[in-house]
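Overview (structure and organization)
Each chain, written out:
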Amino acid sequence: MGAEPANQAADWKALRGDVEGIADVAAERGRSFVEAARSHATDYIDQRKGDAARSVTDLATSVRESSKTFEAQPNIRAFFDSAADGLEHLGTSIEERSFSEFYEDAEAFARRAPVAVAVATFLTGFVVARFIKSTSAAPLNSTHPTSHRL
């Protein structure tokens, strides 16, 4: 009878070793999958950054052209020109930097100014919620009865 518990203990130990081995393999494959997904996402974003840079530069051109309507008001024109300069700088920065550099900068900013990030997140959520609410509101003169049930 003494050999039977020893065999069971050895079986449980072997089973435990097998399960630990399977868990290690699964964890390694999970890490590989996450790294591959991150690599693919980074590559895709780096490819698309040229389009984003052109869009920002085009917006800067539009802002600069619209500033010409304020010839008689130099302060307003200076504001538009300054905004256009900032957009052009952003477009150049997007073109020259990689996604990982932007991510690192954003992460560093979030660590330096968590309150600003929280406020910006709140305001963005508020604006998005208002936009969604305004686009999903039913027209006032709708011909469909909403409170009429049979």
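Residues numbered from 1 in each chain as written. Predicted model: local features only at pLDDT ≥ 70, side-chain atom pairs only at ≥ 80, totals over all residues. Heavy atoms only, no water.

1. Side note on the environment of Arg 77
Following the sequence through the fold, Arg 77 ends up in helix α2 (residues 74-96). Judged by relative accessible area, Arg 77 falls into the partly exposed class, the value being 24%. Put simply, Arg 77 and Arg 64 are 13 residues apart on the chain and 8.6 Å apart in space, counted from C-alpha to C-alpha. (Helix = DSSP H or I, 4+ residues; strand = E, 2+ residues; numbered from the N terminus. Buried < 20%, exposed > 50% of the residue type's maximum accessible area, 1.4 Å probe, protein only.)

2. Quick notes on the confidence of the model for the chain
Per-residue confidence for the chain gives a mean pLDDT of 82; residues scoring 70 or more make up 89%. For the chain, per-element mean pLDDT is lowest for helix α1 (residues 3-67), which scores 84, and highest for α2, which scores 88. (pLDDT = per-residue confidence, 0-100.)

3. Describing a nonpolar patch on the surface
Among the surface-exposed residues, Val 115, Val 119, Phe 122, Leu 123, Phe 126 and Val 127 lie close enough to one another that they form a single nonpolar patch of about 620 Å² accessible area. Structurally, Val 119 can be placed in helix α4 (residues 114-136). (Patch = residues over 30% accessible without salt bridge, like charges linked within 9 Å, V, L, I, M, F, W, Y side chains within 5 Å. Areas by Shrake-Rupley, 256 points an atom, 1.4 Å probe, with all protein chains shown as cover. Salt bridge = Lys/Arg side-chain N within 4 Å of Asp/Glu carboxyl O.)

4. A look at the pattern of salt bridges
What the rule picks out here adds up to twelve salt bridges. Between Arg 64 and Asp 85 there is a salt bridge, and its shortest N-O distance comes to 2.5 Å. With a gap of 21 residues between them, Arg 64 in helix α1 and Asp 85 in helix α2 connect regions that are remote in the sequence. The salt bridge partner of Asp 81 is Arg 77, with a shortest N-O separation of 3.6 Å.

5. Details of the packing of aromatic side chains
Counted according to the given criterion, the structure contains two aromatic pairs. Taking the centre distance of 5.2 Å and the plane angle of 20° together, the rings of Phe 70 and Phe 80 count as stacked. With Phe 70 in the loop between α1 and α2 and Phe 80 in helix α2, this residue pair connects regions lying ten residues apart in the sequence. Residue Phe 70 is classed as partly exposed on the basis of its relative accessible area, which comes to 23%. Given the relative accessible area of 23%, Phe 80 is considered partly exposed. When the centroid spacing of 5.9 Å and the interplanar angle of 85° are considered together, the rings of Phe 79 and Phe 80 count as edge-to-face. By the ring-pair criterion, three or more aromatic residues cluster together here, those being Phe 70, Phe 79 and Phe 80. Here the basic side chain of Arg 97 rests over the ring of Phe 102, its NZ or CZ set 4.7 Å away from the ring centre. (Phe/Tyr/Trp six-rings, centres within 6.5 Å; stacked < 30°, edge-to-face > 60°. Lys NZ or Arg CZ within 6 Å of the ring centre and 35° of its normal.)

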